[in-house]
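Read off the chains here:
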Amino acid sequence: MYTLKENGGIPLSLLWMLAIIAGISVANLYYNQPLLNLISANLGATDFQANLIATISQAGYACGLLFIIPLGDMLSRKHIVMVSFAVLVAVLLIIATAQSIQVVWTASAVLGLCSVMPQIFIPIASQFSAPEYKSRNVGIVLSGLLTGILASRVVSGIVGEVWGWRAIYYIGSVLMLLAFFIIARLLPPVASNYRGSYAGLMASVWKLYRKYPAMRVSSLRAGLAFGSFLCMWSSLAFKMSEAPFHAGNDIVGLLGLCGIAGALTASGIGKYIRRVGVRRFNYIGVTLHLLAWALLFLGANHYLPIVVGIVVIDIGMQCIQLSNQSLCLGLDPHASNRSNTIFMTTYFVGGTTGTFLSGLGWGAAGWTGVVAVGISLTLLSGIVTLVQKN
């Protein structure tokens, strides 16, 4: 068992354990994306109803960020993680055996709510790392989280094609059970940073939000960019299943591997944030997003532009997320979980909005509608950076 001291350094073995489990737990949120067409066909749902699974999962995640993550400053983080993982085991089994879209919706809300545990791990990496390694170590945990997102799409697409969409949720429940026992054995107790009631804790989140304009700006522009990012992923399965591709879910899942560039980028971006600056990283990220959407639109009927577009949008997303998240976590180190709550809640509200608007765009104008939504959200993110000083 490790012992952690604020700013005292964190062992790399513990850091990588947190990164791996972050990836395993956040994967629950993204298993559905390559499988939405299979789920809709199996449960007799429309494309829009199936798209709501992703929207509801994201909304549940946003609620978990807002109402659960602040508890990490008040209660035992280890106990919060263990309870959440136990609930996830049950919820994943419920989805695996669901016979109606309504059951999947309800279970997906709880799934999203309890899949926020990586956002407990990221403040741990920030709070207990030596000052000179904070951004790097946050990047390592974030790399694990991103790899989990990418791997979840790949694995769920392949598993869904071979064994059907339900199989991945049985596999997920086993992984969460293993993670429960690993956390119980290896995660050290972490002292709380807040003394008081839950109501007071939530009130302090609002005070933090009002106190730091930079926190509001960085959260908003990152959330809008994430909405653009998820806009693509939530409709990609529908796009690839049509002419000229007629691609199966395994192919859609494999496209997730194209985003590995983003995961690899995250671990290296951290050390350049101070040198390049958060503002410049945001301009870089927005430019890459716009380039990616241009490729995804102009090359919509060819694999190569789509693959390159996915790589570029992933790298751009990590430029925006890691720079803004590092800024937020550094504003008040003694309220790291609450700062992360503000950032990630705004981030996933943006993601939920993008996912929902993607479904509307697809229904109204197909892939062209999706591209229009994605570009609009990216431009809004860029405008926030342009008009604000932070």
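Everything numeric here is computed off the predicted structure, so don't read it as measured data.

About the criteria used
- Residues numbered from 1 in each chain as written.
- Predicted model: local features only at pLDDT ≥ 70, side-chain atom pairs only at ≥ 80, totals over all residues.
- Heavy atoms only, no water.
- Helix = DSSP H or I, 4+ residues; strand = E, 2+ residues; numbered from the N terminus.
- Rg over C-alpha atoms; globule rule 2.2 N^0.38 Å.
- Buried < 20%, exposed > 50% of the residue type's maximum accessible area, 1.4 Å probe, protein only.
- Contact = heavy atoms within 4.5 Å.
- Areas by Shrake-Rupley, 256 points an atom, 1.4 Å probe, with all protein chains shown as cover.
- Lys, Arg positive; Asp, Glu negative; His and termini not counted.
- Charge placed at Lys NZ, Arg CZ, Asp CG, Glu CD.
- Phe/Tyr/Trp six-rings, centres within 6.5 Å; stacked < 30°, edge-to-face > 60°.
- Salt bridge = Lys/Arg side-chain N within 4 Å of Asp/Glu carboxyl O.
- Core = buried A, V, L, I, M, F, W, Y, C linked by side-chain atoms within 4.5 Å.
- Axes fitted to C-alpha atoms, helices over the stretch in contact; angles between N-to-C directions.
- Parallel < 35°, antiparallel > 145°, perpendicular 65-115°, else oblique.
- Left-handed = near helix turned anticlockwise from the far one by under 90°.
- Nonpolar A, V, L, I, M, F, W, Y, C, P; charged D, E, K, R; others polar.
- Patch = residues over 30% accessible without salt bridge, like charges linked within 9 Å, V, L, I, M, F, W, Y side chains within 5 Å.
- Expected span 1.5 Å × (residues − 1).

Undergrad: Explanation requested: the overall build of the protein in the structure shown.
TA: A tally of regular secondary structure across the protein gives 16 helices and 0 strands. Its C-alpha atoms give the protein a radius of gyration of 20 Å, near enough to 21 Å, the size a compact globule of 390 residues would have. By residue count, 60% of the 390 residues in the protein fall in the buried class. The long-range fraction of contacts in the protein, counting pairs at least 24 apart against all pairs at least 6 apart in sequence, stands at 85%. For the protein, the exposed surface amounts to about 14500 Å²; the carbon and sulfur share of it is 69%. Computed over 22 positive and 9 negative side-chain charges, the inter-centroid distance for the protein is 15 Å.

Undergrad: Which parts of the structure should I look at to understand the packing of aromatic side chains?
TA: Aromatic ring pairs: the centre-centre distance and the angle between the two ring planes describe each pair. Inspection of every chain in the model, using the stated rule, returns 14 aromatic pairs. Between F226 and F348, the aromatic rings sit 4.9 Å apart at their centres with planes inclined by 65 degrees, giving edge-to-face as the arrangement. Of this pair, F226 sits in helix α10 (residues 213-241) while F348 sits in helix α16 (residues 336-387), and the two are 122 residues apart along the sequence. Accessibility expressed as a relative area gives 4% for F226, which makes it buried.

Undergrad: I'm lost on the pattern of salt bridges in this one. Help?
TA: Should their charged atoms come close, side chains of opposite charge can pair. Evaluation of the coordinates by the stated rule reveals 1 salt bridge. Across the salt bridge formed by R338 and D73, the nearest N and O atoms sit 2.9 Å from each other. Here R338 is found in helix α16, whereas its partner D73 is found in the loop between α3 (47-67) and α4 (77-96), with 265 residues between them in sequence. When its relative accessible area of 7% is taken as the criterion, R338 is described as buried. The exposure class of D73 is buried, given its relative accessible area of 0%.

Undergrad: I tried to follow the nonpolar core on my own but got confused; where do I start?
TA: Within soluble globular proteins, side chains that are nonpolar generally end up buried alongside one another. Counting residues in hydrophobic clusters, the biggest one holds 124 residues, and the most contacted among them are F85, F121, I183, F348 and W367. Ranked by residues supplied to this core, first place goes to α10 with 15 residues. Those residues within four positions of W367 in sequence are excluded, and the remaining contacts are M232, S235, L236, K239, L296, A300 and W362.

Undergrad: Honestly, the packing of helix α2 (residues 36-43) against α3 in this entry has me stumped. Any pointers?
TA: Each pair of packed helices can be summarised by the angle the axes make with each other and by the distance between the axes. One can describe the packing of α2 onto α3 by two numbers: an axis separation of 9 Å at closest approach and a directional angle of 125 degrees. With respect to their mutual orientation, α2 and α3 come out oblique. Relative to α3, α2 is oriented so that their crossing is right-handed. Residues L36, I39 and S40 of α2 touch α3, and the partners they reach there are D47, A50, N51 and I53. Residues belonging to the contact of α2 with α3 are distributed by class as follows: 4 nonpolar, 2 polar and 1 charged.

Undergrad: Is there a simple way to explain the packing of helix α9 (residues 198-211) against α16 in this structure?
TA: Where α9 meets α16, the axes come as close as 10 Å, and the angle between the chain directions of the two elements is 65 degrees. It follows that α9 is roughly perpendicular to α16 by the angle criterion. In the crossing of α9 with α16, the sense of the turn from one axis to the other is right-handed. For the pair α9 and α16, contact is made by L201, S204, V205, L208 and Y209 and by R338, S339, T341 and I342, respectively. When grouped by side-chain class, the residues that make up the contact of α9 with α16 number 5 nonpolar, 3 polar and 1 charged.

Undergrad: Please clarify how the side chain of K78 should be interpreted in this entry.
TA: Here K78 is to be found in helix α4. Summary of buried charges: K78 has no salt-bridge partner, and the nearest side chain of opposite charge, D73, is 18 Å away.

Undergrad: How do you make sense of the environment of V141 when you look at a structure like this?
TA: For V141, the position within the fold is in helix α7 (residues 134-163). We classify V141 as buried; its relative accessible area is 0%. In this structure, the C-alpha to C-alpha distance between V141 and I21, residues 120 residues apart in sequence, is 9.3 Å. For V141, the residues in contact, after removing those within four places along its chain, are L15, A19, A22, F121, I122 and A125.

Undergrad: Just to check I follow, could you spell out a nonpolar patch on the surface for this structure?
TA: Together, I158, V162, W163, I251, L254, L257 and Y303 make up a nonpolar patch on the protein surface, roughly 680 Å² of accessible area in all. When contributions to the nonpolar patch are tallied by element, the ones reaching two or more residues are α7 and α11 (249-255). Sort the elements by how many residues they give to the nonpolar patch and α7 lands first, with 3 residues. Locating L254 in the fold gives a position in helix α11.

Undergrad: Explain helix α1 (residues 12-26) to me, please; I cannot follow it from the model alone.
TA: Residues three or four positions apart in an α-helix share a direction because the helix packs 3.6 residues into each turn. Here α1 spans 21 Å end to end across 15 residues, near enough to the 21 Å set by a 1.5 Å rise per residue. Along α1, the positions that sit buried rather than exposed are L14, L15, M17, L18, A19, I21, A22, G23, S25 and V26. On its buried face, α1 sits against α3, α4, α6 (118-128), α7 and α8 (167-186).

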